[in-house]
Amino acid sequence: MSRINRSFWQDKAGQPAVIREGPVPTEVGDDEILVRVEAWGMNPYEAFVQKVDVPVFSYPGIPGTDVAGTVELVGGGSAAASRFRAGDRVCGKAVPGAPGRPATGGFQDYVVLEAVMTAKVPDALTAADAATFPLCIATAAYALFSQHFLALALPRADGGAAAPAGKTVLVWGGASAVGSNAIQMLRMAGVDVVTTCSPRNFAAVRALGAAAVFDYAAPGVVDDVAAELDRRGAVCAGILQAAGPFDAVAPCCRVARKCCQNGIFVACANVVPEDAVPEGVRAEFVLTKGASKPVFYETSSFIFEHFLEKVLANGSYKVVPKPEIVNDRGLDGIQEALDAMAKDVSAKKLIVVAK
């Protein structure tokens, strides 16, 4: 008798999701693994997919990106088999809404993950902790280290402090999931960080390694941040717009325009509005760039296999933002968590754990 896999389907935008039952996959492709999910992380993207018809999401499809759980099956004769075995605890970035491949969407009890987007996690880390990482660290790493964006040197794989690179990066939204991971990786790459966040999170981002912090809502923040980047003397290697509302790209672009240094690139976690980029500034949405393979692949092998596994194992990398468990009802609790994303979610990651 086949086992049951429950999945959270979004048939089209603007209507409630439906939970359906199907068989648990019994085969995976080369360089893939099957994971029994124990915790799901929520991202703004999943809530967006429910409300707005997103072109890169194939409806009907299974949303969900951040998962943590236990390996059930490994693709034989592949690179995945050299890294993973049944019973390994892992976290990984699922691929939601992939055309013809519902098995790769994260919001289900059993999900197929690509090995290149998966990392083993130590026993000291809970599944809720591990589910905070995948999408945010993949996004931050791609923006910072991909040749398509800021093209910085990779961080030390052991998490140690790298030699000073003589560069500074502005992270707009440093207390967010993407921002807090960016700050940690930049510190391990020897890059100084200037960041913005709410005053209540100043101490937290400084503890991660930020050298200077500004209130993103303060009058004159654009002028103040631009002056700080110029004052530091180091080359401004770019700006990462890590978080914020739809219009958060605009102040990042204004900072780039006001700096005395020319040609500062703005890598954006948000879609770039047409009217947000002044003359002389270049800004691009992180999810639009990929070479012969989809987005994130250029940096994912290093980040998930060589970096994240090591820094989690040796304790040099912090679980930030802290997970907030919305409920422990498994897939039945996903909608409650997505609804909570519409409220003010700051410096925390909403998590649903399995029953």
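Located above this text is the structure these notes cover.
The paragraphs below set out a description of the structure included in this document.

Parameters and conventions
Residues numbered from 1 in each chain as written. Predicted model: local features only at pLDDT ≥ 70, side-chain atom pairs only at ≥ 80, totals over all residues. Heavy atoms only, no water. Helix = DSSP H or I, 4+ residues; strand = E, 2+ residues; numbered from the N terminus. Rg over C-alpha atoms; globule rule 2.2 N^0.38 Å. Contact = heavy atoms within 4.5 Å. Areas by Shrake-Rupley, 256 points an atom, 1.4 Å probe, with all protein chains shown as cover. Lys, Arg positive; Asp, Glu negative; His and termini not counted. Charge placed at Lys NZ, Arg CZ, Asp CG, Glu CD. Pairing = 2+ DSSP bridges. Right-handed = clockwise from strand over helix to strand, strands pointing away. Axes fitted to C-alpha atoms, helices over the stretch in contact; angles between N-to-C directions. Expected span 1.5 Å × (residues − 1). Bend = angle between axes of the 7 residues up to and from the residue. Salt bridge = Lys/Arg side-chain N within 4 Å of Asp/Glu carboxyl O. Buried < 20%, exposed > 50% of the residue type's maximum accessible area, 1.4 Å probe, protein only. Polar contact = N/O pair within 3.5 Å; in protein donor to acceptor, adjacent residues only side chain to side chain. Core = buried A, V, L, I, M, F, W, Y, C linked by side-chain atoms within 4.5 Å.

**Looking at the overall build of the chain**
No. 1: Scanning the chain from terminus to terminus reveals ten helices and 15 strands.
No. 2: Taken against the 2.2 N^0.38 rule, which gives 20 Å for 355 residues, the C-alpha radius of gyration of the chain at 20 Å falls within 12% of a compact globule.
No. 3: Its C-alpha atoms put the chain at 70 × 45 × 40 Å along the principal axes.
No. 4: Taking all contacts inside the chain whose residues are at least 6 apart in sequence as the whole, residues at least 24 apart take part in 72%.
No. 5: For the chain, the exposed area adds up to about 14,800 Å²; of that, 53% sits on carbon and sulfur atoms.
No. 6: Distance between charge centroids for the chain: 3 Å, based on 33 positive and 37 negative side chains.

**Quick notes on the pairing of strand E10 (residues 212-215)**
No. 1: Examined bridge by bridge, strand E9 (residues 192-197) and E10 share four bridges and lie parallel to one another. Counted as the bridge partner of Thr195 is Val213 from E10.
No. 2: Handedness of the crossover is the feature at issue here: the chain leaves E9, passes through helix H6 (residues 202-208), returns alongside E10, and the resulting connection is right-handed.

**Details of the sheet that holds strand E11 (residues 235-241)**
Consider a sheet: its strands pair through backbone hydrogen bonds, and that pairing is either parallel or antiparallel.
No. 1: With respect to topology, six strands assemble into an open sheet ordered E10-E9-E8-E11-E12-E13, the strand pairing being parallel. Because the sheet does not close on itself, it has two edges, and the strands there are E10 and strand E13 (282-285). In this sheet, neighbouring strand axes are inclined to one another by 20° on average, regardless of whether the strands run parallel or antiparallel.
No. 2: Note: strand E8 (residues 167-172) against E9, five bridges, orientation parallel.

**Let's talk about helix H9 (residues 297-314)**
No. 1: With 18 residues, H9 ought to run about 26 Å at 1.5 Å a step, and its terminal C-alpha atoms sit 25 Å apart, in line with that.
No. 2: Of all the bends in H9, the greatest, near 40°, is centred on Ile303.
No. 3: Along its buried surface, H9 packs onto helix H2 (79-83), strand E5 (89-93), strand E6 (110-114), strand E7 (118-120), helix H4 (134-145) and helix H5 (177-188).

**Considering the pattern of salt bridges**
Two side chains with opposite charge may pair up if their charged atoms get near one another.
No. 1: A complete count under the given rule lists 18 salt bridges for this structure.
No. 2: A salt bridge links Glu72 to Arg3, with the shortest nitrogen-to-oxygen separation between them at 3.0 Å. Of this pair, Glu72 sits in strand E4 (residues 66-74) while Arg3 sits in the segment before strand E1 (4-9), and the two are 69 residues apart along the sequence.
No. 3: Here Glu72 falls in the partly exposed class, since its relative accessible area comes to 27%.
No. 4: We classify Arg3 as partly exposed; its relative accessible area is 44%.

**Regarding the environment of Leu152**
No. 1: Note that Leu152 resides in the loop between H4 and E8.
No. 2: Expressed as a C-alpha distance, the spacing of Leu152 and Ala227, which sit 75 residues apart in the sequence, is 23 Å.
No. 3: Contacts of Leu152, omitting those with residues within four sequence positions, involve Leu144, Phe145, Lys167, Val169, Leu186, Val191 and Ala237.

**Quick notes on the side chain of Gln10**
No. 1: Following the sequence through the fold, Gln10 ends up in the loop between E1 and strand E2 (18-23).
No. 2: A distance of 3.0 Å separates the side chain of Gln10 from the side chain of Gln50, its partner in a polar contact.
No. 3: When sequence neighbours within four positions are dropped, the list of residues in contact with Gln10 reads Gln15, Pro16, Ala17, Val49, Gln50, Phe57, Tyr59, Pro60, Gly61 and Pro63.

**Quick word on the environment of Ile351**
No. 1: Looking at where Ile351 falls in the secondary structure, it is placed in strand E15 (residues 348-353).
No. 2: Ile351 sits in the buried class, given a relative accessible area of 0%.
No. 3: Distance from Ile351 to Val67, taken between C-alpha atoms, is 9.6 Å for residues 284 residues apart in sequence.
No. 4: Those residues in contact with Ile351, other than ones at most four positions away along the chain, are Ala39, Trp40, Gly41, Ala128, Ala131, Thr132, Pro323, Glu324, Ile325, Val326 and Asn327.

**Re the nonpolar core**
No. 1: The biggest cluster of nonpolar side chains holds 65 residues, and the ones touching the most others in it are Leu144, Leu152, Val169, Met185, Phe307, Leu308 and Tyr317.
No. 2: Those residues in contact with Leu144 that sit more than four places away from it in its chain are Leu150, Ala151, Leu152, Val169, Ala182, Leu186 and Leu240.
No. 3: Counting residues in each nonpolar core, the second largest holds 28 residues, with Trp40, Ala80, Leu113 and Leu331 among its members.

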